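# Commentary on secondary and tertiary structure
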Amino acid sequence: MASLYNLIPSVYAILLILSLSVEARLSVDHYYSSCPQALHIVHDVVVEALRNDSRMAASLLRLHFHDCFVNGCDGSVLLDDNAKFAGEKTATPNDKSLRGFHVIDIIKGRLDKACPNVVSCADILAIAARDAVFHTGGPTWEVELGRRDAVITSRDAANIHMPSSFSNITVLTANFAAVGLSFEDLIALSGAHTLGYARCKSFRPRIYGDVDIDPLFAETLRKKCPRVGNDSVLEKMDFRSPSRFDNLYYKNLLTKKGLLHSDQELYHSNKADPIVRKYSRDVSLFFTRFSRAMIKMGAISPPNAAPTEIRRHCRWPNMNP
């Protein structure tokens, strides 16, 4: 079974796209009878977490995104390394970057007190991401549920398939297409960068090497992020409203103030430019497209042969080695 995670990228992409047929198993009322309080429990913990940490909304949203891009939405991003595998947590895009795992642990603990071994960790990620967006001013949507949890994961798969902050629009488009997401989905989902922070090492190449950047914006960032050192210094993804879900991310791109190279690539004399301009003018349109893209991303399923379960603890498989 583990050999599935070493498939060449092209075959991996085909498997993921084909597995979208499993979407039919998902439904918004999956826990209606088995755990009717599930949505309320997740909601309450998310609200508590956001009250205690303004960065947590971005962290929870990012966990769901990073989970779905590697072998589908299966909770694999939550697994700790063990004797059988090196997991996604320590992959280059995630190491010392992903956070919010303790919030998922709290949610899982409360759910299992109410309805033991019913709600999957993958579903918790999907619900928590939706609630985090809504409670920072963004849209809401009906989350389709019924995902199951992976029992194995792969650091190599995360290193290969996660979109990079250094990528150009061509590579980003290919990353999204590999998991069945369209160019329009790429532009809408990138709007999640209206929330949260990025580390100096993620935007250093942009502020010292890119030409399509506002000079004063670059100069300000260079004071915080030197050519060498301060790798973990944080900067707002959206310098105007990093804790509110809105469309200012797109407005920033129009003035060449995207923090990451991959952000500014969305407004760089290519076919994304008209979409960026539309979203910068029409927040309702952005919210509608973002919600639609989140539902679509949330339906990315693991390859059909991958073993799954409902994990009792989100950090390790039930048969923990």
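Keep in mind the model is a prediction, meaning the values are calculated, not measured.

### Some points on the nonpolar core
Leu60, Leu61, Ile107, Leu111, Ile187, Phe290 and Met297 are the most contacted members of the largest nonpolar core, which totals 75 residues. In terms of residues, this core owes the most to one element, helix H5 (residues 121-134), which gives nine residues. Other than its neighbours up to four places away in sequence, Phe290 contacts Leu61, Val133, Pro139, Trp141, Ala188, Leu189, Ala192 and Phe245. Listed in part, the 12 residues of the second largest apolar core include Ala198, Cys225, Met237 and Leu260.

### Regarding the environment of Ala129
Following the sequence through the fold, Ala129 ends up in helix H5. Using a relative accessible area of 0% as the deciding quantity, one classes Ala129 as buried. With 165 residues separating them along the chain, Ala129 and Met294 place their C-alpha atoms 9.3 Å apart. Apart from the residues within four sequence positions on either side, Ala129 is in contact with Leu60, Leu61, His64 and Met294.

### Brief notes about the pattern of salt bridges
If you walk through the whole model with that rule in mind, you get 15 salt bridges. Here Asp81 ties to Arg155 by a salt bridge, and the two come within 3.3 Å at their closest N and O atoms. In this pair, Asp81 sits in the loop between helix H3 (56-68) and helix H4 (101-114) while Arg155 sits in helix H6 (residues 155-161), placing the two residues 74 residues apart along the sequence. Between Asp123 and Arg147 there is a salt bridge whose closest N-O contact spans 2.7 Å. Here Asp123, found in helix H5, pairs with Arg147, found in the loop between H5 and strand S1 (149-150); they are 24 residues apart in sequence, far enough to count as distant. Each member of the pair Asp123 and Arg147 is classed as buried. Taken together, the shared-partner salt bridges in this structure form one network comprising Asp80, Lys89, Asp105 and Arg315.

### Structural notes on the packing of aromatic side chains
To describe a pair of aromatic rings, you give the distance between the ring centres and the angle between the ring planes. A complete count under the given rule lists 14 aromatic pairs for this structure. Note on Phe245 and Phe286: the rings are 5.6 Å apart at their centroids and 5° apart in plane angle, and the pair reads as stacked. Of this pair, Phe245 sits in the loop between strand S3 (234-236) and helix H11 (248-254) while Phe286 sits in helix H14 (residues 283-298); the two residues are 41 residues apart in sequence, bridging distant segments of the chain. With a relative accessible area of 1%, Phe245 lands in the buried category. Classification of Phe286 as buried rests on a relative accessible area of 0%. Pairing Phe245 with Phe290 gives two aromatic rings, centres 4.9 Å apart and planes at 55°, and the pair type is tilted.

### Observations regarding the state of the cysteines
Counted according to the given criterion, the structure contains four disulfides. Assigning the bonded cysteines of the chain consecutive numbers by sequence position, one obtains the connectivity 1-4, 2-3, 5-8, 6-7.

### Examining H14
Helical geometry: 3.6 residues make up each α-helical turn, so side chains three or four residues apart lie on a common side. When the terminal C-alpha atoms of H14 are compared, their 22 Å separation across 16 residues agrees well with the 22 Å that a helix rising 1.5 Å per residue should span. Of the positions making up H14, those classed as buried are Phe286, Phe287, Phe290, Ser291, Ala293, Met294, Met297 and Gly298. Lining the buried residues of H14 we find H3, H5, helix H8 (183-190), H11 and helix H13 (273-281).

### Remarks on the side chain of Ser280
By secondary structure assignment, the location of Ser280 is in helix H13. Looking at Ser280, the relative accessible area reads 5%, which means it is buried. Not counting chain neighbours up to four residues away, the residues in contact with Ser280 comprise Asn247, Tyr250, Lys251 and Leu254.

### So, the side chain of His66
Assignment of secondary structure puts His66 in helix H3. Given the relative accessible area of 6%, His66 is considered buried. Excluding anything up to four places from it in sequence, His66 contacts Val77, Glu88, Pro93, Asn94, Leu98 and Met162.

### What about helix H2 (residues 38-52)?
When the terminal C-alpha atoms of H2 are compared, their 22 Å separation across 15 residues agrees well with the 21 Å that a helix rising 1.5 Å per residue should span. Burial in H2 covers these residues: Ala38, Ile41, Val42, Val45, Val46, Val47, Ala49 and Leu50. Contacts from the buried residues of H2 go to H3, H4 and H5.

### So, unusual backbone geometry
Of note, Asn117 is a non-glycine position whose phi angle comes to about 55°, a positive value. Tracing the chain through its elements places Asn117 in the loop between H4 and H5. With a relative accessible area of 37%, Asn117 lands in the partly exposed category. Even without glycine at this site, Ser269 takes up a positive phi of about 55°.

### Focus on the packing of H3 against H14
Between H3 and H14, the least distance of the axes is 10 Å, while the angle of their chain directions is 45°. When the axis of H3 is compared with that of H14, the two are oblique. In this structure, H3 crosses over H14, and the sense of that crossing is left-handed. Between H3 and H14, the residues in contact are Leu61, His64, Phe65 and Cys68 and Phe290, Met294, Met297 and Gly298, respectively. Across the contact of H3 with H14, the residue classes tally to six nonpolar, two polar and no charged.

So, how was this worked out
Residues numbered from 1 in each chain as written. Predicted model: local features only at pLDDT ≥ 70, side-chain atom pairs only at ≥ 80, totals over all residues. Heavy atoms only, no water. Core = buried A, V, L, I, M, F, W, Y, C linked by side-chain atoms within 4.5 Å. Buried < 20%, exposed > 50% of the residue type's maximum accessible area, 1.4 Å probe, protein only. Helix = DSSP H or I, 4+ residues; strand = E, 2+ residues; numbered from the N terminus. Contact = heavy atoms within 4.5 Å. Salt bridge = Lys/Arg side-chain N within 4 Å of Asp/Glu carboxyl O. Phe/Tyr/Trp six-rings, centres within 6.5 Å; stacked < 30°, edge-to-face > 60°. Disulfide = S-S within 2.5 Å. Expected span 1.5 Å × (residues − 1). Axes fitted to C-alpha atoms, helices over the stretch in contact; angles between N-to-C directions. Parallel < 35°, antiparallel > 145°, perpendicular 65-115°, else oblique. Left-handed = near helix turned anticlockwise from the far one by under 90°. Nonpolar A, V, L, I, M, F, W, Y, C, P; charged D, E, K, R; others polar.

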